[in-house]
Amino acid sequence: MSDILIVGGGIAGLSAAARLSDHAHVTVLEAEGALGYHASGRSAALFEQNYGKPTTIALNKASAPYHRTANGGYLSPRGLLILAQAHEADAFASDLAVMGVEQITPGDALAMVPILDPRKLAFAGFHEAAYDIDTDRMMQDFARQVRGNGGAVLTGQRVDAVRRDAGQWHVACGAQTHRAPTLVNAAGAWADHVAGMAGVAPLGIVPHRRSMARLAAPGGHDVTRWPMFFGVGETWYAKPDAGALLVSPADEDPAEPQDAWADDMVLAEGLARYEVMVTHPVTRPLATWAGLRSFAPDRTLVLGRDPGTPEFVWCAGQGGYGFQTAPAASQLLADVMLGRQPALDAATVAALDPARLR
């Protein structure tokens, strides 16, 4: 028997498990045959600490030292480039202010990404402090920490039923039943579903589809050192990845919890928006896929004990910021669960508390 069961083997569940495993026996239950199969395995994997709502930014900033130094560091330089046409001047100015991006000349932007169309590009902004995250190594390191502390990280453990009896959670996964006094819900798109099985009122966490296409390097360019580049207002984005280019329409359409797939029409519309800004036409994608970004009603992460059932702990609503925020979010969750004073300020902690949604 464990002290803590964690449902979900993505970055949220693994990071929480690692923090807690220093103080308790933890078991992670992942439904799929591999860790990080859903949202965590389909992440754009960018660290930009000024990206997100104020609570997310607070978590990003608190996570930065871990990203930079833990286990040799997980970040490598990428940079972020925002692009706009002449009629998008107001939206461009808003993006500069919100993201803390410095305006550069279109010529400077073309030097960074030579496929941009100089006839369309009127405004550009660049932020150097944006980094790729080594997401796979981060997940494996957290899993290794759990196992090194005597905990378990189990795959193929799809939750069929949850009940509480005699001070213990009983979590049935096929023929196996796992037991612990405390249950952490890090189930991503399935977070409300897991809560319902446990008899805990859902919080209104809704998955949203994000589609992606992998394109061959345009015109045979070496894209390795290109920054990630966005359409103004994040109407699309493109990011180098292993010699190819990932392009997304930045869609956020509500969806049921599922093994998501790309919506062909939405993807085509996003690729068309990208294509407007470049000189090389889009050819047939090498691959397409989608992930689910799950949001609470206020689009803020949910971290802490359920106010009605304190033995049930929420670690959900990451909304696409899971890797960015994981070091600080997991530390906050561990502090709350272990009765320690959080390092984050009280206002941020309260804004992340599930009680705000009850």
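Every chain's residues receive numbers from 1 upward, in the order its sequence appears when written. Since the coordinates come from a predicted model, pLDDT governs what is reported: local features require at least 70, and pairs of side-chain atoms require 80 or more to be given and counted, while whole-chain, interface and lining totals use all residues. For side-chain calculations, the full set of non-hydrogen atoms in the structure is used, while hydrogens and water are omitted.

Student: Can you walk me through the overall build of the protein chain in this structure?
Tutor: A tally of regular secondary structure across the protein chain gives 9 helices and 21 strands. To get the radius of gyration, use the C-alpha atoms; to get the globule rule, take the number of residues to the power 0.38 and multiply by 2.2 Å. Relative to the 2.2 N^0.38 estimate, which gives 21 Å for 358 residues, the radius of gyration of the protein chain is 21 Å and therefore close to what a compact globule would have. Relative to its full complement of 358 residues, the protein chain shows a buried share of 54%. Here a residue-residue contact requires only that any non-hydrogen atoms of the pair lie within 4.5 Å. Restricting the contact set of the protein chain to residue pairs at least 6 apart, pairs at least 24 apart contribute 72%. The protein chain carries 28 positive and 37 negative side-chain charges, and their two centres are separated by 4 Å. For the purposes of this entry, the term helix denotes a DSSP run of H or I that reaches at least four residues, the term strand denotes a run of E that reaches at least two, and both are numbered from the N terminus. The cut-offs for exposure are 20% and 50% of the maximum accessible area for each residue type, with area from a 1.4 Å probe on protein chains only; residues under the lower value are buried, those over the upper are exposed, and the others partly exposed. All tallies of charge rest on Lys and Arg as positive and Asp and Glu as negative; His and the ends of each chain are not included. Charge positions are represented by NZ for Lys, CZ for Arg, CG for Asp and CD for Glu.

Student: What exactly am I supposed to notice about the sheet that holds strand β10 (residues 161-165) here?
Tutor: Any two strands with at least two DSSP bridges between them are considered paired. With respect to topology, 3 strands assemble into an open sheet ordered β10-β11-β12, the strand pairing being antiparallel. The two strands at the open ends of the sheet, each matched to only one other strand, are β10 and β12 (176-180). Each strand axis lies, on average, 20 degrees off the axis of its neighbour in the sheet, ignoring direction. The pairing of β10 with strand β11 (residues 168-173) spans 5 bridges and is antiparallel. Opposite Ala161, over in β11, you have Ala172 as the bridge partner. To obtain each axis, a line is fitted to C-alpha atoms, and for helices this fit is confined to the stretch in contact; angles are then taken between N-to-C directions over 0 to 180 degrees.

Student: Looking at this structure, I do not really get helix α3 (residues 89-99). What am I missing?
Tutor: Along an α-helix, a turn takes 3.6 residues, which lines up residues three or four apart on a common side. Looking at α3, one finds that the buried residues are Phe92, Asp95, Leu96 and Met99. Along the axis of α3, the buried residues cluster in a sector spanning 100 degrees; they form a single face. More than 90 degrees from the buried face of α3, the exposed residues found are Asp90, Ala97 and Val98. Lining the buried residues of α3 we find β5 (80-84), β6 (102-104) and β7 (123-127). Where α3 ends, the next residue or the one after it, Gly100, has phi of about 65 degrees, a positive value. Directions drawn from the helix axis to the C-beta atoms are what define this arc.

Student: Can you walk me through the domain arrangement of the protein chain in this structure?
Tutor: Many descriptions give the size of an interface as the accessible area lost when the pieces come together. What counts as a domain boundary in this text is fixed by an automatic or database domain assignment. One can read the domain layout of the protein chain as domain 1 (4-66 + 134-205 + 297-357) and domain 2 (80-127 + 206-293). The centre of domain 1, based on its C-alpha atoms, is set 30 Å off from the matching centre of domain 2. The interface of domain 1 with domain 2 comprises 17 residues on the first partner and 20 residues on the second. Across the domain 1 to domain 2 interface the summed buried area is about 1600 Å²; carbon plus sulfur atoms make up 54%. A pair is scored as a salt bridge if a Lys or Arg side-chain nitrogen falls within 4 Å of a carboxyl oxygen belonging to Asp or Glu. Summed over the shared surface of domain 1 and domain 2, the number is 1 salt bridge. As a salt-bridge pair, Glu252 and Arg299 come within 2.6 Å of each other at their nearest N and O atoms. Polar contacts here mean pairs of N or O atoms no more than 3.5 Å apart (in protein, one a potential hydrogen donor and the other a potential acceptor; neighbouring residues in sequence count only if both atoms are side-chain atoms). Here domain 1 and domain 2 share 5 residue pairs in polar contact (both at pLDDT 80 or more) between them. Residues belonging to the side of domain 1 that touches domain 2 are distributed by class as follows: 9 nonpolar, 5 polar and 3 charged. Accessible surface is computed with a 1.4 Å probe, and the buried area is the amount of it that two parts give up when combined, taken over both parts together. When residues are grouped by polarity, Ala, Val, Leu, Ile, Met, Phe, Trp, Tyr, Cys and Pro land in nonpolar, Asp, Glu, Lys and Arg in charged, and all others, Gly among them, in polar.

Student: Any chance you could explain the packing of helix α1 (residues 11-21) against helix α8 (residues 322-338) here in plain terms?
Tutor: Between two packed helices, what matters for the description is the angle formed by their axes and the separation of those axes. The N-to-C vectors of α1 and α8 enclose an angle of 45 degrees; their axes lie 8 Å apart at closest approach. Classified by the angle between their axes, α1 and α8 sit oblique to one another. Here α1 and α8 pass one another in a crossing that is right-handed. On the side of α1, the interface is formed by Ile11, Ser15, Ala16, Arg19 and Leu20, while α8 contributes Gly322, Phe323, Ala326, Pro327, Ser330, Gln331, Leu333, Ala334, Met337 and Leu338. Partitioning the contact of α1 with α8 into residue classes produces 10 nonpolar, 4 polar and 1 charged. For this classification, under 35 degrees means roughly parallel, over 145 means roughly antiparallel, 65 to 115 means roughly perpendicular, and everything else is oblique. Each crossing gets its hand from how the near helix is turned against the far one by less than a right angle, where anticlockwise is left-handed and clockwise is right-handed.

Student: Looking at this structure, how should I read helix α5 (residues 135-148)?
Tutor: Under the 1.5 Å per step criterion, the end-to-end length of α5 is 20 Å for 14 residues, consistent within 8% with the ideal 20 Å. Buried within α5 we find Thr135, Met138, Met139, Asp141, Phe142, Ala143 and Val146. Directly beyond the C-terminal end of α5, a positive phi value near 90 degrees is found at Gly150. Multiplying 1.5 Å by the residue count of a helix minus one yields the expected span of that helix.

Student: Teacher, can you tell me more about the packing of aromatic side chains here?
Tutor: Each aromatic ring pair is specified by the distance between its two centres and by the angle formed by the two planes. A pair of aromatic rings is counted whenever rings of Phe, Tyr or Trp (Trp by its six-membered ring) have centres within 6.5 Å, and the orientation is called stacked for planes under 30 degrees apart, edge-to-face for over 60 and tilted otherwise. For the coordinates displayed, the defined rule picks out 11 aromatic pairs. Note on Tyr66 and Tyr74: the rings are 6.2 Å apart at their centroids and 10 degrees apart in plane angle, and the pair reads as stacked. In this pair, the class of Tyr66 matches that of Tyr74, namely buried. Seen in terms of ring centroids, Trp226 and Phe229 are 6.4 Å apart; in terms of plane orientation they differ by 65 degrees. Their pairing is edge-to-face. A single burial state applies to Trp226 and to Phe229, both of which are buried. Placement of a positive charge over a ring is assigned whenever Lys NZ or Arg CZ falls within 6 Å of the ring centre and within 35 degrees of the normal to the ring plane. Above the plane of the ring of Trp261 lies Arg209, whose end atom (NZ or CZ) is 5.0 Å from the centre. A cation sits over an aromatic face here: Arg299 above Phe295, 3.7 Å from the ring centre.

Student: What is the right way to read the environment of Ala152 from this model?
Tutor: Following the sequence through the fold, Ala152 ends up in strand β9 (residues 152-154). In sequence terms Ala152 and Ala329 are 177 residues apart; their C-alpha atoms lie 21 Å from each other.

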